[in-house]
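# Remarks on the overall topology
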Amino acid sequence: MAQQRKTTKKKPRVGSGVMTMLAILVLLAAIGWKLFDLQGQLREARAEKEHYEEQVEDRRAENESLTADIEEGVTPEKMEEIARNELGLVAPDEYVFYDTSN
């Protein structure tokens, strides 16, 4: 006689479903953390970009000033201004006071 095999249904493994959910949760947490970190880097990069844009504008203004000085040429007033600002020129009838409280 033919033997009848008992067909048993496989029970789903509860542990593997929980492990899968836990692995997915860990991956989502890692992705969330990475996105948070990238947002911080993006903020820093934008601040750095603004800083460099300010520096570029300062250099452009300085270049325009220097170009105007070159086009104007050498004048006695300009030479005196440079001597006062950069070399510390003091006229004979002037007094200089230095603040030494710092």
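Note that the coordinates shown come from a computational prediction; the quantities given were computed from them, not determined experimentally. (Residues numbered from 1 in each chain as written. Predicted model: local features only at pLDDT ≥ 70, side-chain atom pairs only at ≥ 80, totals over all residues. Heavy atoms only, no water.)

## Considerations on the overall build of the chain
The secondary structure content of the chain amounts to 2 helices and 0 strands. Carbon and sulfur atoms make up 58% of the accessible area of the chain, which totals about 10700 Å². (Helix = DSSP H or I, 4+ residues; strand = E, 2+ residues; numbered from the N terminus. Areas by Shrake-Rupley, 256 points an atom, 1.4 Å probe, with all protein chains shown as cover.)

## Topic: helix H2 (residues 76–87)
Working note: α-helix, 3.6 residues per turn, so residues spaced by three or four point in the same direction. Across its 12 residues, H2 extends 15 Å between first and last C-alpha, which sits within 8% of the 16 Å expected from 1.5 Å per residue. One or two steps after H2, the chain reaches Gly88, where phi turns positive at roughly 75°. (Expected span 1.5 Å × (residues − 1).)

## With respect to the packing of aromatic side chains
Inspection of the entire model under this criterion finds 1 aromatic pair. A ring pair is formed by Trp33 and Phe36, whose centres lie 5.8 Å apart and whose planes are at 35°; its orientation type is tilted. Here the residue Trp33 and the residue Phe36 both occupy positions in helix H1 (residues 14–72), the gap between them amounting to 3 residues, near one helical turn. (Phe/Tyr/Trp six-rings, centres within 6.5 Å; stacked < 30°, edge-to-face > 60°.)

## Here's the deal with a negative patch on the surface
A surface patch of like charges, here negative, comprises Glu50, Glu54, Asp58 and Glu62. Look at Glu62 and you get partly exposed, because its relative accessible area is 44%. (Patch = residues over 30% accessible without salt bridge, like charges linked within 9 Å, V, L, I, M, F, W, Y side chains within 5 Å. Salt bridge = Lys/Arg side-chain N within 4 Å of Asp/Glu carboxyl O. Lys, Arg positive; Asp, Glu negative; His and termini not counted. Charge placed at Lys NZ, Arg CZ, Asp CG, Glu CD. Buried < 20%, exposed > 50% of the residue type's maximum accessible area, 1.4 Å probe, protein only.)

## Observations concerning the pattern of salt bridges
If you walk through the whole model with that rule in mind, you get 6 salt bridges. Among the salt bridges present, the one from Glu53 reaches Lys49, with a minimum N-O distance of 3.8 Å. With a gap of 4 residues between them, Glu53 and Lys49 both fall in helix H1, about one helical turn apart. Across the pair Arg84 and Glu94 runs a salt bridge whose closest N-O atoms are separated by 3.0 Å. Taken together, the residues Arg84 in helix H2 and Glu94 in the segment after H2 connect sequence positions 10 residues apart. Given a relative accessible area of 34%, Glu94 falls into the partly exposed group. Taken together, the salt bridges that share partners define one network made up of Asp69, Lys78 and Glu81.

## Let's talk about a nonpolar patch on the surface
On the surface, Met21, Ile24, Leu28, Ile31, Leu35 and Leu38 cluster together into a nonpolar patch covering about 600 Å² of accessible area. Its location among the elements puts Leu28 in helix H1.

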